[in-house]
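Here are the chains, one letter per residue:
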Amino acid sequence: MTGERGAPSAAEFEERAALLLTLRRAGVRDLSVLRAIEATPREAFAPYRFRDLANRNLSLPISCGQTMSRPVELAKRLEALKTGRGHRVLEVGAGSGYGAAALAQVAREVVSLERFETLAIEASRRLAAHGAENAKAIYADGLEPPRELGRFDRIIVQASVIAAPAALIQMLTPAGVMLFARREHAMAGARARERLIKLDRNEDGELRETDLGPCRLGPAIAGLAQAL
């Protein structure tokens, strides 16, 4: 559960209302996702110099050469993940902490892994300031997570990979769901394309893939960043 925050100003209220309208127009229908986005002020997770743009449907640069996804893209991924109140969620790629904060509105617990120590520290601070007591950001390799974290009902990879990481599949519970972007091979000089993939594990441990269509996510990088 997240803690209480001060009420938004009239301008912030209007900006968030406009953002929700944008999400609805883009086809986001899950009320729990819409409420989570409404309750999570993006401006609190964006760099100060971009806060006036936070409630627009724009990707925003953050530290360490990374970006915050467009709100529509994040909302569609959260909708596809179908997270419930009883679920433990593992997020690979904490970034600013905004995705973890939104997930904390709909999940029992959120663990977000970040390979850049600077981002992990900043995300932890923002989550604490937001009052997201059931979410935490950890400095760790998201493609080879610490095994002591246990298993998760939902796993979301906020980056693209060639194939679903085996280490993450092992951490998925029976009846669990993993969401990731599969990076397709591209011709020389062309940009690689990504497809959003939903991986369902049934009670017998069998896996079923569903292609949810094109998406845009940067490539996942194994290991911990050495400089940041």
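See the structure printed just above.
What this report covers is the structure whose coordinates are included nearby.

Parameters and conventions
- Residues numbered from 1 in each chain as written.
- Predicted model: local features only at pLDDT ≥ 70, side-chain atom pairs only at ≥ 80, totals over all residues.
- Heavy atoms only, no water.
- Pairing = 2+ DSSP bridges.
- Helix = DSSP H or I, 4+ residues; strand = E, 2+ residues; numbered from the N terminus.
- Axes fitted to C-alpha atoms, helices over the stretch in contact; angles between N-to-C directions.
- Contact = heavy atoms within 4.5 Å.
- Expected span 1.5 Å × (residues − 1).
- Buried < 20%, exposed > 50% of the residue type's maximum accessible area, 1.4 Å probe, protein only.
- Arc of directions from axis to C-beta.
- Salt bridge = Lys/Arg side-chain N within 4 Å of Asp/Glu carboxyl O.
- Right-handed = clockwise from strand over helix to strand, strands pointing away.

Glancing now at the sheet that holds strand β6 (residues 152-161). Across the sheet, which stays open at both edges, the 7 strands sit in the order β5-β4-β3-β6-β7-β8-β9 with mixed pairing between neighbours. Whereas interior strands pair on both sides, the edge strands pair on one side only; in this sheet they are β5 (135-139) and β9 (207-215). On average, each strand axis in the sheet is tilted by 15° relative to the strand beside it, whichever way the strands run. Against the sheet, helix α5 (residues 117-130) touches β4 (109-114) and β5, its axis set at about 165° to β5.

The terminal C-alpha atoms of α5 lie 20 Å apart, and with 14 residues this matches the ideal 20 Å at 1.5 Å per residue to within 8%. Of the positions making up α5, those classed as buried are L119, A120, E122, A123, R126, L127 and H130. On an axial view of α5, the arc spanned by its buried residues comes to 170°, and they lie on one face. Those residues of α5 that are exposed and aimed more than 90 degrees away from the buried face are I121, R125, A128 and A129. Considering only its buried residues, α5 is in contact with α2 (31-39), α4 (98-104), β4 and β5.

This part covers helix α1 (residues 10-25). Over its 16 residues, α1 runs 23 Å from end to end, which matches the ideal 22 Å to within 8%, given 1.5 Å per residue. Of all the residues in α1, the buried ones are R16, L19, L20 and L23. Considered in projection along α1, the buried side chains sweep an arc of 100° and stay on one side of the axis. For α1, the exposed residues set more than 90 degrees away from the buried face come down to A10, E14 and R25. Tucked inside the fold, the buried residues of α1 contact α2 and α3 (71-81). Where α1 ends, the next residue or the one after it, G27, has phi of about 100°, a positive value.

Now for the pattern of salt bridges. Applying the stated rule across the entire model yields 7 salt bridges. Between D200 and R208 there is a salt bridge whose closest N-O contact spans 3.9 Å. What makes D200 buried here is its relative accessible area of 17%.

This paragraph deals with the pairing of strand β3 (residues 88-92). Taking burial as the measure, the 5 residues of β3 include 5 buried ones, the bulk of the element. When β3 meets β4, the two strands line up parallel, connected through 5 bridges. Counted as the bridge partner of R88 is E109 from β4. This β-α-β element, β3 to α4 to β4, shows right-handed connectivity.

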